[in-house]
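For reference, the chains in residue letters:
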Amino acid sequence: MAVLEVRALSHSYGAKTQLQVRAVNNVSLRVEAGELLGVIGHTGSGKSTLIQHFNGLLTPSAGEVLLDGENIFKDKQTTHAARFRVGLCFQYPEYQLFEETVYKDIAFGPRNMKLADDEIDRRVRKAAQFVGLPDALLNKSPFDLSGGEKRRAAIAGVMAMEPEILVLDEPTAGLDPKGRDTILNLVENYRKETGSTVILVSHSMEDIARLATKALVMNRGEAALFGTVDEVFSQGEKLVSMGLDVPAVTRIFLSLHARGVPVRTDVYTTEQATAEYLRLLGKGARV
Amino acid sequence: MDTIIQLKNVSFAYETEEEEKTLAVKNVDLEVRRGEFLAVVGHNGSGKSTLAKLFNAIHLPTEGQVLVEGMDTADEANVYDVRRRVGMVFQNPDNQIVATIVEDDVAFGPENLGVPAAEIRERVDDALRAVGMYEYRLYEPHKLSGGQKQRVAVAGIIAMRTDCVIFDESTAMIDPKGRREVLETVRKLNRELGITVIFITHFMEEAALADRVVVMDGGSVAAEGTPAEVFADTALLRRTGLELPPAAQLAAALRENGVALDGDTLTPETCADALFRAAQKAGVV
Amino acid sequence: MIRDITIGQYLSGTSFMHKLDARVKIVCTFAYIITIFLCKNFWSLGLMVAFAALMTLLSRVPVRMLLRSLRPVAFILLFTAVLNLFYTKTGNVLFQWKFLMLTDKGLFTAIFMAVRILSLVSVSALLTYTTTPTALTDGIEKLLSPLKLIKVPVHSLAMMMTLALRFIPTLIEEIDRIMSAQKARGADLETGGFIQRAKALLPILIPLFVSAFRRAYELAFAMECRCYRGGEGRTRMKQMKLGVRDAVTAVAFVALIAGVVLLSRFFPAVI
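Caption draft 1: Fine view of the interface of chain B and chain C. With 41 residues of chain B at the contact, the number on the chain C side is 36 residues. Buried surface at the junction of chain B and chain C, both sides included, amounts to about 3500 Å², of which 54% is carbon and sulfur. Three residues, Asn95(B), Thr100(B) and His142(B), lead the burial of chain B against chain C; their summed loss comes to 20% of the area buried on that side. Put simply, chain B and chain C have 6 salt bridges between them. The shortest N-O distance in the salt bridge between Arg236(C) and Glu111(B) comes to 3.5 Å. At the boundary of chain B and chain C, one finds 18 residue pairs in polar contact (both at pLDDT 80 or more). Broken down by secondary-structure element, the contributors of at least two residues to the side of chain B that touches chain C are helix H2 (79-85), helix H3 (102-112), helix H4 (117-130) and helix H5 (146-158) of chain B. Here the element with the most residues in the side of chain B that touches chain C is H3(B); it accounts for 10 residues.

Here it is as C-alpha cells:
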C-alpha cells in the first residue's frame, strides 16, 4: 500500500472572492514507502501549496490526502497527528530557529509531541548526528552558528519528530556547491538508514536526477508529469517547453539531436551522457 | 584597458570581541578593468562577499588600499563619490527596495544625487527599459517575482549612471528562471552600455560567461584568468570546494575517455558545438 | 494569496481626483471632516453629502470599493446610531414602549452621527484610493515642512513612513511563513490559557524580530550604497505642482465651507 496517496486534490485561494486562484488543480499521486520523490516546477507552479496539504497545514478545496490509506482530513485529531507523521521543512528553514540553544530548538518538535524527556533526548542526539552537528554545538545559541550549520540544525528539528515521510522544500536554496552536496548527502543517508520516505522539492533537475526514484513535475497547478525519474526525464523537450531548467547534459543532447546527430535525448546525468556519446563514436567507456 | 578599481595588498578583519582577529580578506592585489565582466567565485566563507563590500566602501580595508577611479575609499570625503560610480545589487531582493512603487524605487538613487526632476524621469524610464521592466513601472514591488525584483534593483543602480555594478550573490536566492533573467540583463548592460560588472557567485555556469574569473579561497585570490583557464585546473577547483560547470563536467569526462574536443566547452551551447564538430570529424553524422 | 494584498489601498487611475495634488487632497480631507461636524441641520448635511457624492463621481472609484472600506466601521456605526436613538431623552417623544423612548431629537442625532461617520470614512477612503502611498507621504512631508524650523525631522519621519508601508506586505508574508513552519513542528497556537498562549507566540515573534532586524540592517546598507544621506540635497522625480485643477478644488472647498456656514445661519439646528 502506498504510504502517501493524493486523490484529485485541488486548492483555491480566495475561495469566496472573484479573485479566485486555483493554485493546485486535480493532482493525484502515490508514493510508496522508502521512495524519494522529487518535485520540480517553477515558483508559483503550485508545488509549495501542494506539499502543505501532506501534513494538513492546508485544507484542500477538493480531494483527499491519504496516509497509510487513511484520509488525514477525516477529523481534527487525524489532521493534527499528520503534522508529526509528515515532517515538513520549509524553504530557508534557518529563519525559524528561535530557542536559546540548538538542543532546545531541535527538541521543539518532539516536545510538542509530548514525548518523555529521555525519548526527546535520544531523538535530538540522533537527529543532530544525522545532520552532522557535533555535540559541542548543541549548547550554543542557534544564532551563533554558520549559515550551513543553521540550515542543518533546522532540518534536524524536523527529523527529530521521526516522521514517516520527510518533506524538504528547496533544502539547498542559496547554498554553495559544497553546502549543497552536504545537505543532499545527509538526506540520502537519512533515507537509507531509517528507510523513511522522502519528498524533495527542488529547482535543480541535476539534484533530482541524482537522488530521486520518482519525479513529479508541477506546471500551472497541475501534475504535468509523474513517474519514475527515467520516464520523466526522457521527456526533455516537454520539460523545455514548460520553461523548466533541464540538466545541461540533456540540453546538449537535445541540441545534438536537433542537428541530426543520432543520439538519445533521455540522458540527464554526466555518466549517461558520456556513455551515450561514446556509443555514438563506437567506443566503450573506459570505466 | 584602464583600471576602474584597484586593490593594493588589501586585508580586512571583521571587528569582533575576541582578541584574535581572523582576516576575512588577506593581502589581495586585484585590478578591475573598465568595461570587463569579472566573476568572483568561491565557496561560502571564502571571502568573496567581503571582497565585494570593499569595492564600494561598505568595508574599509584594515590594511592596504582600495582605489576607485584613483580615489582612496578610506578617505571619508570620497565615500559619496565612490558610491555614485560603483553601485551594488545585493543578495536578498526584498531588502534593497525602498519605495512602494517600482518607478519611485528606481528614482531613489538619482534623487539622492540631486538630479533635476525631468532628468530623473528620463533616467528612470531608460533604466527600466534597459532591464526590461518598463511595463511594470507602476507595480508594487512585492507583487513581482524574485528575478523581476532584482532587475528593478539593477535599474535603480544604473539610473544613477554608475560606471560599475557589483552583484553580491544577487542570483543566490532566486529560482533558475529568475537567474536567467538577471544574467541576461547583466550581460546586456555590460555589452551594450559598457558598464563594468563584478559578479560574485557560486554558480559556476554563471562564472563561465564572464571575461575573467577570480577564485577566492580562505580570503586570498587562489586563481585568476579566463573561464577556460580557470576551469581547466580541476585540482584547483576541488581544493577550493568548487566544481566545474555541468557542461564542462561532461567535456572533461569525454576527454578522459579519449575523445578529442576542440574549442570552448564551458557552456551548454559551446559544448554542444564541440560535440557536434567531434561527431562530424568521426564521420557519424 | 498574501501577494495580492495592496499597500495602502491605492487604485490606479487617471481621474480628476487622481490628478489632484496630494497636499490639496490631504488638506481638503481634513477640512471636510471638520466641516461635517459643524453641520447642525439637514440642509448643510445634505450639501456635504452631495459634495462627497460629487467627489466619488470625479474619482471614478467604484461604489462597491467604497462600501468595502465601510465594512470595518459597520459595527461602530450601528452602535452609535442605536445609542443615540434611545439615549437622547430631550425633544418630542415620538414613540414609547416600557423603558424604551424615542424622541425626534434622538432620531435626528442618530441620523447625523451615522451620516457623519459614513462620509468621514468614505472621504478618507477616497483619499487613499486615489493617492499613492508615496504621494501621500510626500504630501505630508511637504505640508509639515514648516516644522523643520523648530527642528522636527520631517524628512526622516516621512522616510520612515514610506519604509513602513513598503515592508508591511513583506513582514506579513514572513509571519505567515514562520507560523506555517512552527505549526509544521507541532506548535499549538490555539489552545491554552493566556500565559500559555503568550508563550506560544515566542517561536513566532523571535524569528520575526531577528529577521526584521536583519532586513533593516541590509536595507540601511542598500540605501547608503544608493547615496542616501537624508533629506539634504535631495531632489524628487515627482514634483508637486499646483495647477488649475487644484485651484478649482480649493475654491470649491471654500465655497462648500461658506455654504455650510450660511445654511447653519438661515436654518435652525435640529440637534
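Caption draft 2: Representation of the domain arrangement of chain B within the structure. All names here are of chain B. The domain boundaries assigned to chain B delineate domain 1 (3-241) and domain 2 (245-285). The distance between the C-alpha centroids of domain 1 and domain 2 comes to 33 Å. Each partner contributes residues to the interface: domain 1 has 7 residues there, and domain 2 has 4 residues. Both sides of the domain 1 and domain 2 interface together cover about 420 Å² of buried area, and 91% of this is carbon and sulfur. Area buried by domain 1 at its contact with domain 2 is led by Glu205, Ala208 and Phe231, which between them contribute 62% of it. The tally of links between domain 1 and domain 2 comes to 0 salt bridges. For the pair domain 1 and domain 2, the interface holds 0 residue pairs in polar contact (both at pLDDT 80 or more). Every element with two or more residues in the side of domain 1 that touches domain 2 is listed here: helix H7 (204-207) and helix H8 (227-232). Looking at the side of domain 1 that touches domain 2 element by element, the count peaks at 3 residues for H8. Per-class residue counts for the side of domain 1 that touches domain 2 are 6 nonpolar, no polar and 1 charged.

Caption draft 3: Seen up close, the domain arrangement of chain A. Residues and elements named next belong to chain A. Domain annotation of chain A identifies domain 1 (4-246) and domain 2 (247-287). Each partner contributes to the interface: domain 1 provides 12 residues, whereas domain 2 provides 9 residues. For the domain 1 and domain 2 pair, buried surface summed over both sides reaches about 860 Å², with 65% attributable to carbon and sulfur atoms. Across the contact surface, domain 1 and domain 2 share 0 salt bridges.

Caption draft 4: How the structure looks around the pattern of salt bridges. For the structure shown, the criterion picks out 54 salt bridges over all chains. The partner of Arg123(A) in a salt bridge is Glu119(A), and the shortest N-O contact between them spans 2.9 Å. Of this pair, Arg123(A) and Glu119(A) both sit in helix H4 (residues 117-130), 4 residues apart, which is roughly one turn of that helix. Take Arg123(A): its relative accessible area is 11%, and that puts it in the buried class. Between Arg34(B) and Glu69(B) there is a salt bridge, with the nearest N and O atoms lying 3.0 Å from each other. Of this pair, Arg34(B) sits in the loop between strand E2 (23-33) and strand E3 (37-41) while Glu69(B) sits in the loop between strand E4 (63-68) and strand E5 (71-72), and the two are 35 residues apart along the sequence. A residue is classified by how much of its surface remains accessible, and Glu69(B), at 27% relative accessible area, is partly exposed. Through salt bridges with shared partners, a single ionic network connects Glu5(A), Arg7(A), Arg30(A), Glu32(A) and Glu64(A).

Caption draft 5: Main features of the interface of chain A and chain C. The partner chain C presents 15 residues to the 19 residues of chain A that form the contact. For the pair chain A and chain C, the summed buried surface comes to about 1700 Å²; carbon and sulfur atoms form 64% of the total. The three residues of chain A that bury the most area against chain C are Tyr95(A), Gln96(A) and Phe98(A), which together make up 30% of that side's buried surface. We note a salt bridge from Asp105(A) to Arg185(C), for which the minimum N-O separation is 3.0 Å. Elements with a minimum of two residues in the side of chain A that touches chain C: helix H2 (76-85) and helix H3 (102-112) of chain A. Ranked by the residues each element gives to the side of chain A that touches chain C, the list is headed by H3(A), at 4 residues. Per-class residue counts for the side of chain A that touches chain C are 11 nonpolar, 6 polar and 2 charged.

Rules used in this analysis
Residues numbered from 1 in each chain as written. Chains lettered and ligands numbered in written order. Predicted model: local features only at pLDDT ≥ 70, side-chain atom pairs only at ≥ 80, totals over all residues. Heavy atoms only, no water. Contact = heavy atoms within 4.5 Å. Buried area = accessible area lost by both parts, 1.4 Å probe. Salt bridge = Lys/Arg side-chain N within 4 Å of Asp/Glu carboxyl O. Polar contact = N/O pair within 3.5 Å; in protein donor to acceptor, adjacent residues only side chain to side chain. Helix = DSSP H or I, 4+ residues; strand = E, 2+ residues; numbered from the N terminus. Domains from an automatic or database assignment. Nonpolar A, V, L, I, M, F, W, Y, C, P; charged D, E, K, R; others polar. Buried < 20%, exposed > 50% of the residue type's maximum accessible area, 1.4 Å probe, protein only.

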